[in-house]
Amino acid sequence: MSTGDATGSIELAIGGMTCASCAARIERKLNKLDGVTATVNYATEKATVTVSSADVTVEDLIGTVEKAGYTAALPEPPAAETETGAAPDELGPLRQRLITSVVLSVPIIAMAMIPALQFDNWQWLSLTLAAPVVTYGGWPFHRAAWVNLRHGAATMDTLVSLGTLAAFGWSLWALFFGEAGMPGMRHGFEFSMTRGDGSMNIYLEAAAGVTMFILAGRYFEARSKRRAGAALRALLELGAKDVSVLRNGREERIPVERLEVGDLFVVRPGEKIATDGVIEEGSSAVDASMLTGESVPVEVGPGDTVAGATVNAGGRLVVRATRVGSDTQLAQMARLVEEAQTGKARVQRLADRISGVFVPVVIALAVATLGFWLGSGAGATAAFTAAVAVLIIACPCALGLATPTALMVGTGRGAQLGILIKGPEVLESTRAVDTVVLDKTGTVTTGKMALVEVITADGVAADEVLRLAGALEDASEHPIAQAIARGARDRVGELPAVEDFANVEGLGVQGIVDGHGVLVGRPQLLAEWSQHLPPSLREALEAAQSTGRTAVAVGWDGQARAVITVADQIKPTSAEAVARFRELGLHPVLLTGDNETVARTVAAEVGIDEVIAEVLPADKVDVVKRLQAEGRTVAMVGDGVNDAAALAQADLGLAMGTGTDVAIEASDLTLVRGDLRAAADAIRLSRRTLTTIKGNLFWAFAYNVAALPLAAAGLLNPMIAGGAMAFSSVFVVANSLRLRRFKPLTAASPEHPAPAKAPEKVAVTTP
């Protein structure tokens, strides 16, 4: 899209937002334009704008945002972002301000609260230390308050700025023109409610302390805020970086960006396929689980299509590129993730919603207090003292701690239990979640093929089958072959050497083991050597395939001897996890790219009734949207690239930490251990943390509201105001610390050790 034409849908990167009310203001301004429908996402700092009028240009949209006091620009292409290298440390300036404020504020507060530390002229040292805190440390609040003032708006920044500047300004007046600057001045602990002129009172500890606490809250909030760009960069990192192109019959290694449609490129075993294409030469097994969720590698040959970023697990392939750059399946998935994240419902934090009413009321009350006392003849000093007391007692010190402290304790406890909560905005949806959608591969199952059963013909020992077949398969790179080799080695120990090994494309492998000519693969391979499966083994093979398992035939010395089955194993904790979801009132749904038979088999074993199978990545997003359209609040649990967009679309996304970085970045909660039971604990912990945050916010406001009438009446001296503020902060922190006692229902923790893993068992059957 050109910068001039804005017809259609356009995305803008927004800068300068400090709270959810900023996003709401930008949204209102954009929606006032004719033919414009806009949603602004504070979490991702992006605006999605739909324009139906040809009269509106991109410049108009950007100009409207800038007039509101913020910045707007067309986002950088994801590819350009990856070329710039490591992202700058966006938290650096805020961290510097916080450290400076903490170092300088602690002695100020200590001197103000402990009379023994109040030496002669201590108040001037306090002024020296407080000045940098209020000006340098509090600059983000003052700047935001000024921008809001210019546009006739007020937020928490306005209240913080007004309160700290009023406290600091009054302290300056008391020091230079009142009696507070006199040598020997002391702050005692007089909690009597008497009206005074305030000339002996300084509020430097309040100005510095409020700045420090609010900065701490902002820093921890900013550190935990999710960034959509990280998920997109992680997606693009999955692709191949360079590729071997065939030019004039010779291979030439070039960056993948230079690949063009129609180019022939070579993919060796173990390499990622550089881009979407069609196979011209060779056959192999391609591991596409990261894109499709299919647990079994797909056999491909000439004429078959392959997708970029999938892995060639077998032979050498020559592929003709059909789609490159932004047209590939991987790039389309990146767009899906971005669209789902941008379209996620905006979560406005409770503090900002309440502040929309609280801040103007406090400012109006302070002005009214000043006017009342001036009009009553009490004198300018007493009037300003009461007005400043209103602003100071209303300063949201505890409010700034309410969300970050609960989040820090909750996330800290979660980390001990293998649960990572990414930010406060993800918690609100946990209470309403009623449906949990589970990816199959890597979430309910291990995502790795394993040996399940050996069915032998009469008179054949299972150990002999595993010894010969395992040795032959050990020479192959195919994932199914490796699963058989691992199972054989676990059962019979060391495997013998193989001679004359050969890979028969699309059919299996053959070779000589201990003097026996061994064949392992499809029944057609054995049939070519006149080794036909007897009825019993054929029935066993068909039965295994009907339950979704992968079965291979084994023969040697002219006779079919056995059938070996492998399958993606169900995690031992999955059935228990599904039961926990039901106890939480959640309806489980199995969603997978795998085939219907496999999905139904897995679902039956873990206790899931609703199954949606054979879905592509885009279909997974559609399924989540359909469930949401039915009125359900959906939690999604997944681990692969193919789940990333659905995780972002869901009301609550939970990623298995054993999965891909993309899924983790696109999710709201990460389960570090890969134990599905932790998902139930994650929802319980999230709900408990949200309840704690709401309790903190209530009490933080309750202290302010209860003390405001006293301040307006001029009955609060600095020690009462400071004490109330300190007590409210201590209460909020203590309430948050209760989350440390959160107990998981089942988790690998010191309190609840995980059961010992049972050794893998291989069933042996003789028809």
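Residues numbered from 1 in each chain as written. Predicted model: local features only at pLDDT ≥ 70, side-chain atom pairs only at ≥ 80, totals over all residues. Heavy atoms only, no water.

Taking an unreviewed UniProt entry as the reference, the protein chain is identified by name as Cation-transporting P-type ATPase B belonging to Thermomonospora cellulosilytica. Looking at the protein chain in UniProt, the text filed under Sequence similarities (unreviewed entry) is "Belongs to the cation transport ATPase (P-type) (TC 3.A.3) family. Type IB subfamily." Per its UniProt entry, the protein chain bears the Catalytic activity (unreviewed entry) comment "ATP + H2O = ADP + phosphate + H(+)". (UniProt positions renumbered as here; feature names shortened; annotations may be inferred.)

Strands sit in the order 10-9-12 across an open sheet of three strands; the sheet is antiparallel. Both outer strands of the open sheet, strand 10 (298–300) and strand 12 (311–312), are each paired with one neighbouring strand and no more. The sheet contact formed by strand 9 (residues 284–287) and strand 10 spans three bridges and is antiparallel. The partner of Ala285 across the bridge, within strand 10, is Glu299. (Pairing = 2+ DSSP bridges. Helix = DSSP H or I, 4+ residues; strand = E, 2+ residues; numbered from the N terminus.)

To continue, consider the packing of helix 17 (residues 462–474) against helix 18 (residues 479–492). Across the interface, helix 17 lies against helix 18 with an axial gap of 8 Å and an inter-helix angle of 135°. Taken together, the axis directions place helix 17 and helix 18 in an arrangement best described as oblique. Here helix 17 runs over helix 18; the crossing is left-handed. Across from Asp463, Leu466, Arg467, Gly470, Glu473 and Asp474 in helix 17, the residues of helix 18 making contact are Ala481, Gln482, Ile484, Ala485, Ala488, Arg489, Arg491 and Val492. Residues of the contact of helix 17 with helix 18, tallied by class, amount to six nonpolar, two polar and six charged. (Axes fitted to C-alpha atoms, helices over the stretch in contact; angles between N-to-C directions. Parallel < 35°, antiparallel > 145°, perpendicular 65-115°, else oblique. Left-handed = near helix turned anticlockwise from the far one by under 90°. Contact = heavy atoms within 4.5 Å. Nonpolar A, V, L, I, M, F, W, Y, C, P; charged D, E, K, R; others polar.)

What follows deals with the packing of aromatic side chains. Taken as a whole and judged by the stated rule, the model has five aromatic pairs. Measuring from ring centre to ring centre gives 5.1 Å for Trp170 and Trp173, while their planes differ by 20°; the resulting arrangement is stacked. On the criterion of helical spacing, the pair formed by Trp170 and Trp173 is a turn pair, its members being three residues apart in helix 7 (residues 156–176). An aromatic cluster is present here, built from Phe698, Trp699 and Phe731 joined pairwise through their rings. A cation sits over an aromatic face here: Arg97 above Tyr136, 4.7 Å from the ring centre. (Phe/Tyr/Trp six-rings, centres within 6.5 Å; stacked < 30°, edge-to-face > 60°. Lys NZ or Arg CZ within 6 Å of the ring centre and 35° of its normal.)

Once that is clear, we can look at helix 18. In this model, helix 18 (14 residues) spans 20 Å end to end at C-alpha, consistent with the 20 Å of a helix rising 1.5 Å per residue. Residues Ile480, Ala481, Ala483, Ile484, Ala485, Gly487 and Ala488 constitute the buried set of helix 18. Elements in contact with the buried residues of helix 18: strand 16 (445–456), helix 17, strand 20 (550–556) and strand 21 (559–570). Backbone geometry just after helix 18 places Gly493 at a positive phi near 85°. (Expected span 1.5 Å × (residues − 1). Buried < 20%, exposed > 50% of the residue type's maximum accessible area, 1.4 Å probe, protein only.)

This next bit is on a negative patch on the surface. The grouping of Asp34, Asp55, Glu59 and Asp60 at the surface amounts to a negative patch. Summarising the element assignment, Asp55 is placed in the loop between strand 3 (46–51) and helix 2 (58–67). Classification of Asp55 by relative accessible area gives exposed; the value is 66%. (Patch = residues over 30% accessible without salt bridge, like charges linked within 9 Å, V, L, I, M, F, W, Y side chains within 5 Å. Areas by Shrake-Rupley, 256 points an atom, 1.4 Å probe, with all protein chains shown as cover. Salt bridge = Lys/Arg side-chain N within 4 Å of Asp/Glu carboxyl O. Lys, Arg positive; Asp, Glu negative; His and termini not counted. Charge placed at Lys NZ, Arg CZ, Asp CG, Glu CD.)

Time to look at the confidence of the model for the protein chain. In this model, the protein chain carries an average pLDDT of 80, and 79% of its residues clear a pLDDT of 70 or more. Below a pLDDT of 50 lies the segment residues 189–194, which in the model reaches 15 contacts outside its immediate sequence neighbourhood of four places, other chains included. In the predicted structure, residues 747–761 sits below a pLDDT of 50 and forms 20 contacts with residues beyond four places in sequence or in another chain. (pLDDT = per-residue confidence, 0-100.)

This part is about the pattern of salt bridges. If you walk through the whole model with that rule in mind, you get 26 salt bridges. In this structure, Arg626 engages Glu630 in a salt bridge whose closest nitrogen and oxygen atoms are separated by 3.3 Å. For Arg626, a relative accessible area of 39% gives the class partly exposed. Given a relative accessible area of 46%, Glu630 falls into the partly exposed group. Via salt bridges that share partners, Glu576, Arg580, Glu583, Asp675 and Arg677 belong to a single interconnected network.

A separate point is a nonpolar patch on the surface. There is a patch of nonpolar side chains on the surface, built from Trp173, Phe176 and Phe177 and spanning about 370 Å² of accessible area. Structurally, the position occupied by Phe176 is in helix 7.

Our next topic: the packing of helix 21 (residues 574–583) against helix 26 (residues 677–712). The contact between helix 21 and helix 26 brings their axes to 7 Å, and the two run at 25°. By the criterion of interaxial angle, the relationship of helix 21 to helix 26 is roughly parallel. Between helix 21, through Glu576, Ala577, Arg580 and Phe581, and helix 26, the contact on the second element is made entirely by Arg677, Ala679 and Ala680. Residue classes in the contact of helix 21 with helix 26 are distributed as four nonpolar, no polar and three charged.

Glancing now at the nonpolar core. One finds Leu438, Phe581, Leu590, Val637, Leu654, Leu671 and Leu676 to be the most contacted residues of the largest nonpolar core, which totals 47 residues. Ranked by residue count, the leading element in this core is helix 26, at nine residues. When residues no more than four places from it in sequence are discounted, the contact partners of Leu654 are Ala635, Met636, Val637, Gly638, Leu647, Ser667, Leu669, Leu671, Ala679 and Ala682. If you look at the next biggest cluster of nonpolar residues, it comprises 41 residues, including Met449, Leu466, Leu537 and Ile564. (Core = buried A, V, L, I, M, F, W, Y, C linked by side-chain atoms within 4.5 Å.)

Before going further, it helps to spend a moment on the pairing of strand 9. Two elements, strand 9 and strand 12, share two bridges in a ladder whose sense is antiparallel. In the sheet register, Asp287 faces strand 12, and the bridge partner there is Val311.

What follows concerns helix 2. Counting along an α-helix, one turn takes 3.6 residues, and residues three or four places apart therefore face a common direction. For helix 2, every residue scored as buried is listed here: Val58, Leu61, Ile62, Thr64 and Val65. Within helix 2, the buried residues cover an arc of 155° as seen down the axis, which keeps them to one side. Gly69 sits one or two positions beyond helix 2 and adopts a positive phi of about 100°. (Arc of directions from axis to C-beta.)

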